[in-house]
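So you can see what is in the structure, the chains are spelled out below.
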2 protein chains.
Amino acid sequence: MVAEFISVGTEILLGNIVNTNANYLAVKCAELGISNYYQVSVGDNEERLTQTLSLALSRSDIVILTGGLGPTQDDLTKEVTAKVLQRKLAEDPRTKERIKSYFKGRNINDITENNWKQALIIEGSTVVDNHNGTAPGLIVKTEEDGGRTAGRPPYVNKVVILLPGPPNELIPMFENEIAPFLSKLQPGIFYSEMIKVCGIGESKAETMIQDIIAVQSNPTIATYAKSGEVHLRVTAASDSIKNGKLLVKPVADELKKRFSTAIYTTNEKENLEDVVVSLLAKYHIMLATAESCTGGLIAGKIVNVPGASAVFGEGFITYSNEAKQKYLKVRKQTLIDYGAVSKETAAEMAFGAAAASGSKASLAVTGIAGPDGGTEEKPVGLVYIACTLNDKLRIKEYKLKGSRQKIRDYTVIYALDLLRNAIIEEFGS
Amino acid sequence: MVAEFISVGTEILLGNIVNTNANYLAVKCAELGISNYYQVSVGDNEERLTQTLSLALSRSDIVILTGGLGPTQDDLTKEVTAKVLQRKLAEDPRTKERIKSYFKGRNINDITENNWKQALIIEGSTVVDNHNGTAPGLIVKTEEDGGRTAGRPPYVNKVVILLPGPPNELIPMFENEIAPFLSKLQPGIFYSEMIKVCGIGESKAETMIQDIIAVQSNPTIATYAKSGEVHLRVTAASDSIKNGKLLVKPVADELKKRFSTAIYTTNEKENLEDVVVSLLAKYHIMLATAESCTGGLIAGKIVNVPGASAVFGEGFITYSNEAKQKYLKVRKQTLIDYGAVSKETAAEMAFGAAAASGSKASLAVTGIAGPDGGTEEKPVGLVYIACTLNDKLRIKEYKLKGSRQKIRDYTVIYALDLLRNAIIEEFGS
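Reference entry: report on the structure contained in this document. Here the structure is a predicted model, which is why all the values come from computation and not from measurement.

Notes on the overall build of chain A
For step 1, the next point in the chain: Helix and strand counts for chain A stand at 14 helices and 17 strands.
For step 2, the next point in the chain: What you see for chain A is a C-alpha radius of gyration of 28 Å, clearly larger than the 22 Å of a compact globule of 429 residues, by over 25%.
For step 3, the next point in the chain: Within chain A, the proportion of its 429 residues that are buried is 47%.
For step 4, the next point in the chain: Long-range pairs, those at least 24 residues apart, make up 67% of the contacts in chain A between residues at least 6 apart in sequence.

Quick look at the structure:
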């Protein structure tokens, strides 16, 4: 089954809101094993919405429209859908009562006339109650004979679902009513596993698995690039979760073999900082950070993990040379001889952070994030990351490119990955 | 002129990423006075992308495609565009050199073969260099005679723009090359001024200007909400910049009167941390930070401003009570009597950070970012922000709602705004 999403609203086209509904529906349909080939945003315009809906009905099995169900003149999703499907609109007494009680519950007594527009429903549709707003959702199924006996346009066995635009109304309606409805339509399931890799670029990652991708049919592998990371999703279409797992397993196992320790998790919901905090917690390691060019972003990532306080007590942002000396005991001579951005300074920062805080592990970063401050010898993007674990030092040099922001983002990821690898080497995963 | 956006990428259809590019392009085109009627997301699929692009060319003047320009086999935006426009692909030596030097700058010597695919450009297109990645952008203009003399399909005077999908590559390319190019296509001008407000919610801001919005025609006011901020853009359609300015001025003046000191800038390109760093620099104030629940994010924002080293030397991430005592000299009794999340602790953290670093100004934050750790008396979202400036303390209590991430994001903005207001009150703007 293929679903298409139509997000209706001029506010999307003007950029006033980000269309998060399409993303929400995409995630939910993928979970249900329903394919999504097109997402379209269109304004509150009769002609263009008519064309968009007609096209969607010609190429997709399920069309989910969001937005444009409200009380104002602008809102015409329901009216256009009724016209395209050649069905009438009629007032639904039960919905009218629900709207009345919705306003009553909010102590609003003079309900403006336009609100009753929301009680109109499309002939032959199923009403989906909205417990967080006034506009109901609607499910319309077209006839098996394409409505020919009723003199309607030839849309055979299509499903059109109309949902309100505000996410706090749409999401509960989808979870409670629409998802169970859709799961009954879909024969078979999609089963997928995720493999998240760090420290390997997207094109290198693809080259490493080119031979598998070239011959893939079921399951398929999709790769997604993030700053410093690549995520690989292996998806199988099958008749049951159990058989889906059997299809995915050999491919996932091969990927695990090839990417080996570069894989930091196979858990969809886990990110790199989650993994690092879990490893620290597992081996009872306290971490201290000492940051120059990243200015607190590594600590910020760590602290974003709920429960980080068990493994992280303190961090230093030592932007100036004085601060590096004062808190981390970086030697003045080191700064003079090698400079603030050097392997030697990074090492002393890391040891200093561990010593000052009494932590088993430390991460230190010094670099030139730009746009100024680079020289030929030490260009913008030169970054040193040092990690100590039980007094053992690991250090890496990077020459990164891009904006100040990008250099800092990559540095944070590489630093967390250095620590992750250090813990695994010392203690196991 | 009407622009249509096509976001290419199966990761959008699977819900792996939110399509923020369409929103970005919508905002930018609205600013340029270019209408947007359709936004379509489609997967990395030749047939469906071909249909989508052909339809877009039939109904819009400008088609902006984002994504699918990378080195992998999946990426076929350029190939499909060339086919639809019946133009050849040929290697661009300059782009090949740029890609080489991009990798060289990263010390990557074994460039995988698939990367050279990115040096292929569409016949007759203009190359837009990508300074933050490998794939270049392309601008293709179709012929005035619809290419009939060249035997091409009848697309008359259309503009097709191909841009890379990652926002950190797309945005600089759009700002520097595409926006100036598009503004020349658009007859007449749109002149706009920006007013950025902090510390007032979106709905309150809208209520404050409801009367102006109700009767607006030219100029118009558009509001955009960001974490803790509201941006108001006043835009006039006119025949010249000079007349546009005259139209915008009375409305902008009225907004300035109403929002007064809540306005932190009227400069489009300036953000809150830029303003704070400028103010600190102007009055030769050194800042120190002491962060608990934000874990380094305030310092991270400050350090993101180029040249921050002139006003920021050091920061403390004191996540544990011990660190608060050790580095900031928060008294043990204060922690016992009032708790780590209290006005009293926040104040001692701020004074402690200023004293330890010898800084004129300090910002300190302590709070409960959740999801756990809240009590009835001190719920998740309770945050104290303390600021000292020349030993004068300012302190604010917030009860924020939302996810851990959201609470931290808002806290960072409110902290920077507290410092901004303190400096202005003491020294002037």
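A word on the interface of chain A and chain B
For step 1, the next point in the chain: In this complex, chain A contributes 60 residues to the contact, which on the side of chain B involves 64 residues.
For step 2, the next point in the chain: The residue inventory of the side of chain A that touches chain B, partitioned by class, reads 26 nonpolar, 23 polar and 11 charged.
For step 3, the next point in the chain: Inspection of the sheet shows strand β14 (residues 312-318) of chain A paired to strand β14 (residues 312-318) of chain B by 5 bridges, in the antiparallel sense. Its bridge partner lying in β14 of chain B, Ile-317 of chain A is registered against Gly-315 of chain B.

Looking at the sheet that holds strand β9 (residues 189-198) of chain A
All names here are of chain A.
For step 1, the next point in the chain: A sheet is described by the order of its strands in space; here 4 strands give the open sequence β10-β11-β9-β12, paired in antiparallel fashion. A strand with exactly one partner marks an edge of an open sheet, and here the two such strands are β10 (220-226) and β12 (263-265). Between one strand and the next, the sheet's axes are offset by a mean angle of 35°, whatever the strand orientation.
For step 2, the next point in the chain: Where β10 and strand β11 (residues 229-238) come together, 7 bridges link them in antiparallel fashion. By the bridge assignment for β11, Thr-223 is matched with Leu-232.

Overview of helix α14 (residues 343-357) of chain B
Helical periodicity: at 3.6 residues per turn, an α-helix aligns residues three or four positions apart in one direction.
All names here are of chain B.
For step 1, the next point in the chain: Along its 15 residues, α14 runs 21 Å from first to last C-alpha, staying within 8% of the 21 Å computed at 1.5 Å per residue.
For step 2, the next point in the chain: Most of α14 sits out of view: 11 of its 15 residues are buried.
For step 3, the next point in the chain: For α14, the full list of buried residues reads Thr-345, Ala-346, Ala-347, Glu-348, Met-349, Ala-350, Phe-351, Gly-352, Ala-353, Ala-354 and Ser-357.
For step 4, the next point in the chain: Positive backbone phi, approximately 65°, marks Gly-358, located one or two places after α14.

Cut-offs used in this document
- Residues numbered from 1 in each chain as written.
- Chains lettered and ligands numbered in written order.
- Predicted model: local features only at pLDDT ≥ 70, side-chain atom pairs only at ≥ 80, totals over all residues.
- Helix = DSSP H or I, 4+ residues; strand = E, 2+ residues; numbered from the N terminus.
- Rg over C-alpha atoms; globule rule 2.2 N^0.38 Å.
- Buried ≥ 20, exposed ≤ 12 C-beta atoms within 10 Å, placed from the backbone.
- Contact = placed C-beta atoms within 7 Å.
- Nonpolar A, V, L, I, M, F, W, Y, C, P; charged D, E, K, R; others polar.
- Pairing = 2+ DSSP bridges.
- Axes fitted to C-alpha atoms, helices over the stretch in contact; angles between N-to-C directions.
- Expected span 1.5 Å × (residues − 1).

Honestly, that's just the spatial picture; any functional story needs more than this.
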